[in-house]
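Commentary on secondary and tertiary structure
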Amino acid sequence: MSKQFDVIVIGGGPGGYIGAIRAAQLGFNVACIDEWKNAKGGPALGGTCTNVGCIPSKALLQSSEHFEQAGHHFADHGINVSGLSLDVAKMVARKDTVVKQNNDGIVYLFKKNKVTFFHGRGSFVAAKDNLYEIKVAGTVEETISGKHVVIATGSNARALPGTPFDEANILSNDGALRIGAVPKKLGLIGSGVIGLEMGSVWRRLGAEVTVLEGLPTFLGAVDQQIAKEAHKAFVKQGLKIELGVKVGEIKSGKKGVSVAYTNAKGEAVSLDVDKLIISIGRVANTIGLAADAVGLALDERGAIVVDGDCKTNLPNVWAVGDVVRGPMLAHKAEEEGVAVAERIAGQHGHVNFNTIPWVIYTNPEIAWVGQTEEQLKAAGRAYKAGTFPFMANGRARALGDTTGMVKMLADAVTDEILGVHIVGPMASELIAECVVAMEFRASSEDIARICHAHPSLSEATKEAALAVDKRTLNF
Ligand code: FAD
Ligand code: NAI
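Residues numbered from 1 in each chain as written. Chains lettered and ligands numbered in written order. Predicted model: local features only at pLDDT ≥ 70, side-chain atom pairs only at ≥ 80, totals over all residues. Heavy atoms only, no water.

Comments concerning the overall build of the protein
Quick reminder of the rule: Strands here are runs of E lasting at least two residues and helices are runs of H or I lasting at least four, both read from the DSSP assignment and numbered beginning at the N terminus. The rule is simple: take the accessible area with a 1.4 Å probe, protein chains only, and divide by the maximum for that residue type; under 20% is buried, over 50% is exposed, in between is partly exposed. Residue contacts are defined here by distance: any two heavy atoms, one from each residue, within 4.5 Å place the two residues in contact. Working definition of accessibility: Shrake-Rupley area with a 1.4 Å probe, residue cover restricted to the visible protein chains. By the counting scheme adopted, Arg and Lys are positive, Glu and Asp are negative, and His together with the chain ends is not counted. The location of each charge is read from NZ of Lys, CZ of Arg, CG of Asp or CD of Glu.
What the protein contains, in helices and strands, is 13 helices and 22 strands. Once the C-alpha set of the protein is aligned to its principal axes, its extents read approximately 70 × 60 × 45 Å. Within the span of the protein, comprising 475 residues, buried residues form 51% of the whole. Within the protein, contacts between residues at least 6 apart in sequence are counted, and of these 62% link residues at least 24 apart. About 22000 Å² of surface is accessible on the protein, with carbon and sulfur atoms providing 53% of the total. Measuring between centres, the 49 positive side-chain charges of the protein sit 3 Å from its 51 negative side-chain charges.

Observations concerning a nonpolar patch on the surface
What counts is decided by this rule: Patches in this entry comprise residues that are over 30% relatively accessible and not in a salt bridge; like charges within 9 Å are linked, as are nonpolar side chains (Val, Leu, Ile, Met, Phe, Trp, Tyr) within 5 Å. A carboxyl oxygen of Asp or Glu within 4 Å of a side-chain nitrogen of Lys or Arg is what we treat as a salt bridge.
Residues F74, I79, V81 and L84 make up a contiguous nonpolar surface patch of roughly 310 Å² in combined accessible area. Relative to the elements of secondary structure, V81 occurs in the loop between helix 3 (54-73) and helix 4 (88-113).

Considerations on the packing of helix 1 (residues 14-25) against helix 8 (residues 330-344)
When two helices pack together, their arrangement is given by the angle between their axes and by how far apart the axes lie. Test applied: Only the contacting stretch of a helix is used when fitting its axis, a line to C-alpha atoms as for every element, and angles between N-to-C directions run 0 to 180 degrees. These descriptions rest on fixed angle ranges, namely under 35 degrees for roughly parallel, over 145 for roughly antiparallel, 65 to 115 for roughly perpendicular, and the rest for oblique. Helix crossings are classified by the rotation of the near helix relative to the far one: an anticlockwise turn of less than a right angle makes the crossing left-handed, while a clockwise turn makes it right-handed. Residue polarity is assigned by list, with Asp, Glu, Lys and Arg as charged and Ala, Val, Leu, Ile, Met, Phe, Trp, Tyr, Cys and Pro as nonpolar; anything else, Gly included, falls into the polar class.
Where helix 1 contacts helix 8, the two axes come as close as 7 Å, and the packing angle between them is 30°. Viewed along their axes, helix 1 and helix 8 adopt a mutual orientation that is roughly parallel. The two elements helix 1 and helix 8 cross, and the hand of that crossing is right-handed. Within the contact between the two elements, helix 1 uses P14, G15, I18, G19, R22 and A23 and helix 8 uses A330, A333, E334, G337, V338, A341 and E342. Broken down by class, the residue content of the contact of helix 1 with helix 8 amounts to seven nonpolar, three polar and three charged.

Structural notes on the pattern of salt bridges
Scanning all chains against the criterion turns up 25 salt bridges. A salt bridge links D96 to K95; the shortest N-O distance between them is 2.9 Å. A relative accessible area of 5% means that K95 is categorised as buried. The structure contains a network of salt bridges with shared partners spanning D223, E373, K377 and K407.

A few points about the layout of surface pockets
Condition: Using protein atoms alone on a 1 Å grid, points that fit a 1.4 Å probe yet trap it form a cavity, whereas open point sets bounded by protein on both sides within 12 Å along at least five of seven lines form a pocket; residues with an atom within 4 Å of a point count as lining. Grid points are joined across faces, edges and corners, and a volume is the space filled by probe spheres set on the points.
The computed volume of the second largest pocket comes to approximately 1200 Å³. Taken together, 35 residues line the second largest pocket, and the ones lying closest to its centre are E65, Q69, N363, P364 and D401. Mapped by element, the contributors of at least two residues to the lining of the second largest pocket are helix 3, helix 6 (193-204), helix 7 (224-237) and helix 10 (394-399). When residues of the lining of the second largest pocket are assigned to their parent elements, the largest contribution, eight residues, is made by helix 3. Looking at the lining of the second largest pocket, its residues break down into 10 nonpolar, 13 polar and 12 charged.

Notes on the side chain of S123
Within the element layout of this structure, S123 appears in strand 4 (residues 121-128). For S123, a relative accessible area of 9% translates into the label buried. Ignoring any residue separated from it by four or fewer positions in sequence, one finds S123 in contact with E133, I134, K135, G288, L289 and A290.

Focus on the environment of E267
Counting through the fold element by element, E267 comes out in the loop between strand 13 (256-262) and strand 14 (268-273). The class of E267 is partly exposed, set by a relative accessible area of 40%. With near-sequence residues (within four places) excluded, E267 lies in contact with Y261 and T262.

Quick look at the packing of helix 3 against helix 4
Taken N-terminus to C-terminus, the directions of helix 3 and helix 4 make an angle of 140°; their axes are 9 Å apart at the nearest point. If you check the angle between helix 3 and helix 4, you find them oblique. Considering only the axes of helix 3 and helix 4, their crossing is right-handed. Taking contact as the criterion, the partners of I55, P56, A59, L60, S63 and S64 in helix 3 are, on helix 4, M91, R94, K95, V98, V99 and N102.

Focus: helix 8
Applied cut-off: One fewer than the residue count of a helix, multiplied by 1.5 Å, yields its expected span.
In this model helix 8 runs 21 Å from its N-terminal to its C-terminal C-alpha over 15 residues, within 8% of the 21 Å that 1.5 Å per residue would give. Taken across its 15 residues, helix 8 has 11 buried, putting it largely inside the fold. Among the residues of helix 8, A330, K332, A333, E336, G337, A339, V340, A341, E342, R343 and I344 are the ones counted as buried. Among the structural elements, strand 1 (4-10), helix 1, helix 2 (47-52), helix 3, strand 6 (141-151) and strand 17 (317-319) are those in contact with the buried residues of helix 8. Note on helix 8: the residue one or two positions beyond its end, G346, has a positive phi of about 80°.

That's the geometry; what it means functionally is another story.
In structure tokens, the structure reads:
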């Protein structure tokens with residue numbers, strides 16, 4: 001008789017492990033299967049986010065920012081540094097320690113919540129007697145069964161056709177996070193979120209970085225006033241960004257990588273680099289899931305088809321996170337995991353896609369929630385805009401970090417906040433207030449009338465709200 005569970009979660013990334021914990025909190029007998037292996041072949045819970053995504057990238061962004069500050073900005077504060085040197089191996093080892101702390105944290109949380117963990121690949125075998133049989137292929141092979149199955153198998157980096165990742169010269173996010181020595185020249189294809197975050201890390205550490213972007217617009221999904229400000233800052237820092245290119249043949253050899261491309265003027269150019277990171281988006285991962293065994297429907301891009309409640313075409317089979325439609329973000333995956341667990345329990349879990357924040361952890365940071373000015377214009381919505389520059393914010397001046405602004409967009413008639421867009425210091429933290437405001441359907445006047453601590457960067461948000469009504473106090 002196979003082990004039987006109320007809920008089997010396949011995938012232990014943010015969607016899966018958080019969903020498993022919530023289901024256990026709600027009284028279900030829960031199993032979570034995850035196949036990720038650490039360098040020693042042991043389990044490493046947390047998925048892409050913990051192992052090769054959010055957490056390690058933020059660790060390297062922090063370390064490289066310290067290096068940049070010590071090398072270029074401490075002197076402004078009267079702190080003179082001499083003999084500054086870089087130990088990349090130690091920096092990468094620190095990043096690995098941070099990852100391990102997060103892996104171990106999830107093991108602890110599973111024990112605390114009595115989630116049974118299986119290390120191995122989970123795949124559908126059959127559906128029988130209102131139960132799904134799932135094979136777990138790990139160091140041992142066994143079959144378990146469950147009434148509900150939540151699929152949270154995440155995504156993989158998209159390769160360029162004909163250019164597979166070798167993780168030595170041609171790198172996905174995985175290889176990009178464990179380069180052993182600073183490359184003299186680094187190329188990136190795609191100036192999206194990974195391109196800018198990873199490009200920033202290695203530029204700060206001393207690489208000459210060139211980013212090749214296919215689209216003619218920089219950060220097309222971002223409010224363009226904000227994107228332009230960010231572009232200006234990145235170029236000033238020394239990031240070379242070429243827009244509107246068409247990438248051709250890529251040759252990799254002992255001496256490095258050569259990328260042939262056509263630039264925006266139509267000229268044939270070649271870029272020679274030591275390493276090339278390809279960051280052109282990610283694809284949903286259903287490899288090894290044996291979706292066919294039970295007739296699980298996938299769309300034309302290989303993502304699992306779900307409705308607004310994360311229900312698949314099969315009864316009691318749900319899917320969350322990167323493997324389904326919507327933004328590929330850890331917090332979106334987590335919210336869906338929680339909502340599904342609550343729906344299984346007969347509750348009304350919900351995810352508000354209009355208030356999912358986005359953050360790009362560069363310097364300046366870029367963060368936003370809600371609609372951009374371009375989207376409001378396209379929708380024909382009448383709106384008011386207010387901006388406030390960090391240049392006029394006392395805390396930003398004290399920090400020595402005055403790049404950027406807060407921009408607030410509100411309905412022209414009701415004054416409801418429709419979007420907030422920030423480029424500048426700690427944008428990742430400032431956006432939280434704006435998400436709360438939008439969840440409560442606040443008006444810009446509400447934010448303008450709330451007391452914000454002085455001196456703080458959050459005063460720039462209040463001032464942007466005042467600017468919507470053309471009554472900033474400090475600008
Ligand atoms: P994943 O985290 O991909 O987890 C899926 C898990 O399922 C993996 O452990 C995988 O091994 C396992 N699995 C797959 N198939 C099977 C199977 N058949 N059996 C058993 N196990 C299986 N998002 C943010 O919100 N903020 C960030 O700062 C951020 N930074 C990022 C930086 C980088 C470099 C990258 C690549 C991504 C980043 N993301 C970030 C995106 C974020 O990592 C993903 O959105 C998030 O991890 C998705 O969670 P998930 O649970 O859907 O899938
Ligand atoms: P992305 O979708 O952010 O950016 C990909 C970029 O590559 C786009 O600008 C696209 O126009 C460009 N591109 C696509 N094909 C191309 C080609 N053939 N030639 C040149 N350019 C091309 O994808 P990215 O950066 O790979 O990241 C994947 C996802 O991971 C993100 O969308 C995001 O969901 C998640 N992520 C989130 C982070 C965060 O929240 N801070 C950090 C890193 C990743």
